[in-house]
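A look at the structure
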Amino acid sequence: DNDHKNTFGGIISISATSDQKQNHIIVTDQGSGMLAEQIQMFQTGDGGNEAHSNKHIGSQVIYQMLLKINGQITINTSEKGTTVTISLKRPAASHL
């Protein structure tokens, strides 16, 4: 939703990759970038002064969900866009 609101005439792409240890979900946009405070909310779950409002509840929910499944989020941003990568550990192969 935020990508749609903040990417004017740009492209939003979603892709997935994997390596031997993790699966990665990558979302890239050509929006105006994210502020350091916004990135912190995704990476720490700390909403700062607005922690008790509904304004940033989405980032707090994502943080809590990633904690429960041992996921990680990486955010790279500039005034030309943002790339968010969610990394999830691959399940161990079963030996049947």
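You'll find the structure just up there.
Anyway, here's the lowdown on the structure attached to this text. These numbers were taken from a predicted model, which means no experiment stands behind them. (Residues numbered from 1 in each chain as written. Predicted model: local features only at pLDDT ≥ 70, side-chain atom pairs only at ≥ 80, totals over all residues. Heavy atoms only, no water.)

Regarding helix α2 (residues 36-44)
Along an α-helix, residues three or four apart share an orientation, since each turn contains 3.6 residues. Looking only at α2, the buried set comprises Ile39, Met41 and Phe42. Seen from one end, α2 has its buried residues packed into an arc of 155°, which puts them on one side. Facing away from the buried side of α2, by more than 90 degrees, are the exposed residues Ala36 and Glu37. For α2, the secondary structure elements touched by its buried residues are α3 (57-68) and β3 (72-78). Just past α2, the residue glycine 45 takes up positive phi, approximately 75°. (Buried < 20%, exposed > 50% of the residue type's maximum accessible area, 1.4 Å probe, protein only. Helix = DSSP H or I, 4+ residues; strand = E, 2+ residues; numbered from the N terminus. Arc of directions from axis to C-beta. Contact = heavy atoms within 4.5 Å.)

Things to note about the sheet that holds strand β4 (residues 81-89)
With antiparallel pairing, the four strands of this open sheet are ordered in space as β1-β2-β4-β3. The open sheet has two free edges, formed respectively by β1 (12-18) and β3, since each of these has just one partner strand. For this sheet, the mean inter-axis angle between neighbouring strands, taken without regard to orientation, is 15°. Strand direction decides the pairing type here: β3 and β4, joined by seven bridges, are antiparallel. Note on β4: the bridge partner recorded for isoleucine 73 is isoleucine 86. (Pairing = 2+ DSSP bridges. Axes fitted to C-alpha atoms, helices over the stretch in contact; angles between N-to-C directions.)

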